[in-house]
Amino acid sequence: MSSKNDPNQNHLLAALLDVQSDRILPHLELVPMKLGDVLYESGGKLQHFYFPTTSIVSMHYLLENGGSSEIAGVGNEGILGVSLFMGGNTTPSRAIVQTGGFGYRLPIAVLMEEFNRAGPVMRLLLRYTQALLTQMAQTAVCNRHHSVEQQLCRWLLLTLDRLPSNDLTMTQELIANMLGVRREGVTEAAGRLQGYGYISYRRGHITVLDRKGLEADVCECYAVVKKEFVRLLSDVRHRQESAG
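First things first, this report covers the structure right here in the doc. Keep in mind that what you see is a predicted model, and the values were worked out from it rather than measured. (Residues numbered from 1 in each chain as written. Predicted model: local features only at pLDDT ≥ 70, side-chain atom pairs only at ≥ 80, totals over all residues. Heavy atoms only, no water.)

### As for the environment of tyrosine 104
Where we set the bar: Put simply, DSSP marks the helices as runs of H or I at least four residues long and the strands as runs of E at least two long, and each gets a number from the N terminus on. In protein, a polar contact means a hydrogen-donor-capable atom and an acceptor-capable atom, both N or O and within 3.5 Å, with residues adjacent in sequence counting only if both atoms are side-chain atoms; elsewhere, any N or O pair within 3.5 Å suffices.
Here tyrosine 104 is to be found in strand 7 (residues 101-107). With 96 residues separating them in the primary sequence, tyrosine 104 and asparagine 8 have C-alpha atoms 10 Å apart. Within the structure, tyrosine 104 has its side chain in polar contact with the backbone oxygen of asparagine 5 (distance 3.5 Å). Here aspartate 6 takes part through its backbone nitrogen, which lies 3.4 Å from a polar atom of the side chain of tyrosine 104.

This is the structure in structure tokens:
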């Protein structure tokens, strides 16, 4: 594995105790995740768990007319394949790479064996699932009740939380697909944020200049989701301290 990539870049993998790491880490495979790659399709049988490290994956719900919108994002804080340990082997959502980078994939049987031990790994994954469900619920509420500008602020902040820099490679069309709104709405909202001095935007590239400005403009949905994941990360830190 490349020295630039480490399973511990994923917070769930970093939370494993030594004995769990010994059983799981040898089976991890480092994989590139390119912008636009589809990791699984709606209704398809899942083959692996995925742990993003430097990539971000968007979970989309697809409509019969071909439309879609993001229901949750998964980055270095989480795992793709929750439906597997919740009792199913398919999911109604599509997982598509939103931000290119790397991640690790793991054969289903390896993690399920660990999960079925009903020990720390099971509790950690269920804790993460609770945070993920909160993100899904809050996304639905936000898309229904808040302005496109507030939704864009929420999406930008959640993306920044998963990346080491303030630079995002993202077209307005892709953002519109994520939020399930018209591209014109994203263009107007991005223009206002740029006018406030919060972001700099040029085709396919967004740089956040004033994070505090975004935090002042965003709706309460960002804080709700952030709080749940902070609880998850607190659990991760506690496990790491206990292991040390």
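### Details of the packing of helix 6 (residues 148-160) against helix 8 (residues 183-195)
Two packed helices can be described by the angle between their axes and the distance between those axes. Which entries qualify depends on this criterion: With axes taken as lines fitted to C-alpha atoms, and helix axes fitted only over the stretch in contact, angles between N-to-C directions fall between 0 and 180 degrees. Any angle that is under 35 degrees is reported as roughly parallel, and any over 145 degrees as roughly antiparallel; angles of 65 to 115 degrees are reported as roughly perpendicular and all others as oblique. In this description, contact between two residues means that some pair of their heavy atoms is separated by no more than 4.5 Å. Amino acid classes used here: Ala, Val, Leu, Ile, Met, Phe, Trp, Tyr, Cys and Pro are nonpolar; Asp, Glu, Lys and Arg are charged; the rest, including Gly, are polar.
In the contact formed by helix 6 and helix 8, the axes pass within 9 Å of each other and the chain directions differ by 75°. As judged from the angle between their axes, helix 6 and helix 8 are roughly perpendicular. Within the contact between the two elements, helix 6 uses Val148, Glu149, Leu152, Cys153 and Leu156 and helix 8 uses Gly185, Val186, Ala189, Ala190, Arg192 and Leu193. Classifying every residue of the contact of helix 6 with helix 8 gives eight nonpolar, one polar and two charged.

### Observations concerning the sheet that holds strand 3 (residues 48-52)
Which entries qualify depends on this criterion: Any two strands with at least two DSSP-identified bridges between them are counted as paired.
What the three strands build is an open sheet, ordered 1-7-3; its pairing is antiparallel. At either margin of the open sheet sits one strand with a lone partner, and together these are strand 1 (29-33) and strand 3. Looking at each pair of strands side by side, their axes are set apart by 35° on average, direction ignored. As defined by bridge partners, strand 1 adjoins strand 7 across five bridges and the pair is classed as antiparallel. From the neighbouring strand, methionine 33 faces strand 7, where its bridge partner is glycine 101.

### Regarding the side chain of glutamine 135
Test applied: The rule is simple: take the accessible area with a 1.4 Å probe, protein chains only, and divide by the maximum for that residue type; under 20% is buried, over 50% is exposed, in between is partly exposed.
In this fold, glutamine 135 is placed in helix 5 (residues 120-145). Given a relative accessible area of 3%, glutamine 135 falls into the buried group. Within polar-contact distance, the side chain of glutamine 135 engages the backbone nitrogen of glycine 73 at 2.8 Å. Setting aside its immediate chain neighbours within four residues, glutamine 135 contacts Ile71, Ala72, Gly73, Arg162, Val225 and Phe229.

### Some points on the packing of aromatic side chains
Spelled out, the test is: Note on aromatic pairs: the rings of Phe, Tyr and Trp (six-membered ring only in Trp) are paired at centre separations within 6.5 Å, and the planes decide the class, stacked below 30 degrees, edge-to-face beyond 60, tilted for the rest.
Enumeration according to the criterion identifies four aromatic pairs in this entry. Consider the rings of phenylalanine 49 and phenylalanine 85, whose centres lie 6.2 Å apart with planes at 25°: the pair is stacked. On the criterion of sequence distance, the pair formed by phenylalanine 49 in strand 3 and phenylalanine 85 in helix 3 (residues 82-85) is long-range, its members being 36 residues apart. Taken together, the ring pairs connect Phe49, Phe85 and Phe115 into an aromatic cluster.

### Here we look at the pairing of strand 10 (residues 205-208)
On strand 10, burial covers both faces: His205 and Thr207 on one face and Ile206 and Val208 on the other are all buried. As paired elements, strand 8 (residues 167-169) and strand 10 share three bridges and run antiparallel to each other. Residue pairing for strand 10: threonine 169 is matched across the bridge by histidine 205. Taken together, the four bridges between strand 9 (residues 199-202) and strand 10 define a ladder with antiparallel strand orientation. Looking at strand 10, one finds that serine 200 is bridged to threonine 207. With antiparallel pairing between neighbouring strands as the criterion, strand 9 and strand 10 make up a hairpin whose turn holds two residues, including glycine 204 at a positive phi of roughly 80°.

### Here's the deal with helix 4 (residues 108-115)
Among all positions in helix 4, only Val110, Leu111, Met112, Glu114 and Phe115 are buried. Of the surrounding secondary structure, the elements contacted by the buried residues of helix 4 are helix 2 (18-24), strand 3, helix 3, strand 7 and helix 5.

### A closer look at the sheet that holds strand 9
The strand order across the open sheet built from three strands is 8-10-9, with neighbouring strands paired in antiparallel fashion. What marks the edges here is a single partner per strand, and that holds for strand 8 and strand 9. If you compare each strand with its neighbour and ignore which way they point, the axes differ by 15° on average. Its contacts with the sheet place helix 6 against strand 8, strand 9 and strand 10, and it is angled at close to 105° to strand 8.

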